[in-house]
Amino acid sequence: MSTVVRRSRRSPPVTPDSHLFPTRPYDLVKEFVIALGVVLVLSLVLAAVFSSPDRPALSLADWATRAPNDVVATATAELAGTSTSAGYGAPYNSSAPGQKLGPLSLQKWGGVQIPVDSAKDLVLDPLATVTGDPALTKALTTWSAAGADQQAAWAGSYSDALAGAPDGNPAAVAPGAYGPVPVIAGGLLALARSGGLQSQLTGQNNFYSSDQTRPMLLLADGAYLEDQARAEQLGGDQWGMMNESGNYPGQPWMWLYTFWYQVKPFSTSDNADALVWGLMMLLTLVFVLVPFVPGLRSLPKHLRVHRLIWRR
């Protein structure tokens, strides 16, 4: 006699009817309006307390009006080849090896991508477009006819004389062998005051007059830009931050970059830009590899921060 054993089949789980669960009224529109109101109030309060000033962009005309002595001193430095831009290196010229990351010459590797001859591009070429000024035309001709050593001697002497004058006032400079440099520097000041220098520098080699590279280089070679920056707590050793003029959101995303410039060894290194860039690339790589690093990828599970916003 044989016995047949039948296996019972387990019935699939039955999904309960959603209408069988207890319910409670919920006003989605009310919730949205409340959330919107809270966010709006918080935005206004935080913007009033922590917002950065929105200053208008500096122009060369403003510079010439407010700090004329600085314009003359900067023009002289450009002619002498002693300005910051003249000795910056890549991407503007080959005057310096630039910053390095260890043995890696990152700045030099980039090469000269935006060639700038500080004396020619920032001073002489814009002045060559000026008409109706015989004294300036003669000064430019005299400068062009002189040799490099003579040009350097004229500009160097006048630069030293300006440094020794009260407040760097060109009118208080003692007489000396300055050649055409005083006339050229004065001509650049007059062109800057008229607003013509800004248009000349933004329109060089560009169909659209929107390239601010040369105006920024000239402005940064003087002391006026740094003085304005430090007044807004934007100096290299300060913690300020400001929105870009007319743009949003501006520079808040740069806070992590600017943070490292306040910490040694970055704050005291001549290669700070390269070192900070290298550190940020390393941190970015670590962030990208979080899902693949044992231990690090388990932090969310162990910290259980998600439990603050997620519940059964």
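My aim in this report is to walk through the structure given alongside it, one point at a time.

Conventions adopted
Residues numbered from 1 in each chain as written. Predicted model: local features only at pLDDT ≥ 70, side-chain atom pairs only at ≥ 80, totals over all residues. Heavy atoms only, no water. Helix = DSSP H or I, 4+ residues; strand = E, 2+ residues; numbered from the N terminus. Contact = heavy atoms within 4.5 Å. Areas by Shrake-Rupley, 256 points an atom, 1.4 Å probe, with all protein chains shown as cover. Axes fitted to C-alpha atoms, helices over the stretch in contact; angles between N-to-C directions. Parallel < 35°, antiparallel > 145°, perpendicular 65-115°, else oblique. Left-handed = near helix turned anticlockwise from the far one by under 90°. Nonpolar A, V, L, I, M, F, W, Y, C, P; charged D, E, K, R; others polar. Core = buried A, V, L, I, M, F, W, Y, C linked by side-chain atoms within 4.5 Å. Buried < 20%, exposed > 50% of the residue type's maximum accessible area, 1.4 Å probe, protein only. Expected span 1.5 Å × (residues − 1). Arc of directions from axis to C-beta.

When helices and strands are counted, the chain shows 14 helices and 0 strands. Shown N-terminal to C-terminal, the secondary structure of the chain runs as helices and strands in the order α-α-α-α-α-α-α-α-α-α-α-α-α-α. Here the contacts in the chain between residues at least 6 apart in sequence split such that 55% fall between residues at least 24 apart. Carbon together with sulfur atoms contributes 61% to the accessible area of the chain, which is approximately 21,500 Å² in total.

Let us now look at the packing of helix α6 (residues 134-145) against helix α8 (residues 181-194). Between α6 and α8, the shortest axis-to-axis distance is 9 Å and the interhelical angle comes to 125 degrees. Judged by the angle between their axes, α6 and α8 are oblique. The element α6 and its partner α8 pack so that their crossing is left-handed. Where α6 abuts α8, its residues Ala-135, Leu-136, Ala-139, Leu-140 and Trp-143 lie against Val-181, Val-183, Ile-184 and Gly-187. Tallied by class, residues from the contact of α6 with α8 come to 8 nonpolar, 1 polar and no charged.

The next subject is the nonpolar core. Within the largest apolar cluster, 41 residues are counted, with the highest numbers of intra-cluster contacts made by Trp-63, Leu-79, Val-123, Leu-127, Trp-143, Ile-184 and Leu-197. For this core, the secondary-structure elements that each account for two or more residues are α2 (60-66), α3 (68-80), α5 (118-128), α6, α7 (148-164), α8, α9 (196-202) and α10 (213-221). Broken down by element, the residue count for this core peaks at 7 residues, all from α8. With sequence-adjacent residues up to four places away left out, Leu-79 is seen in contact with Ala-119, Val-123, Leu-124, Trp-143, Ala-155, Val-181 and Ile-184.

Our next topic: α6. The first and last C-alpha atoms of α6 sit 17 Å apart over 12 residues, in line with the 16 Å expected at 1.5 Å per residue. Those residues of α6 that sit buried are Leu-136, Ala-139, Leu-140 and Trp-143. Each buried residue of α6 lies within a common arc of 95 degrees when the element is viewed along its axis, so the set occupies one face. Those residues of α6 that are exposed and angled more than 90 degrees off the buried face are Pro-134, Lys-138 and Ala-145. If you follow the buried residues of α6, they end up packed against α3, α5, α7 and α8.

Just distances and angles here, no functional claims.
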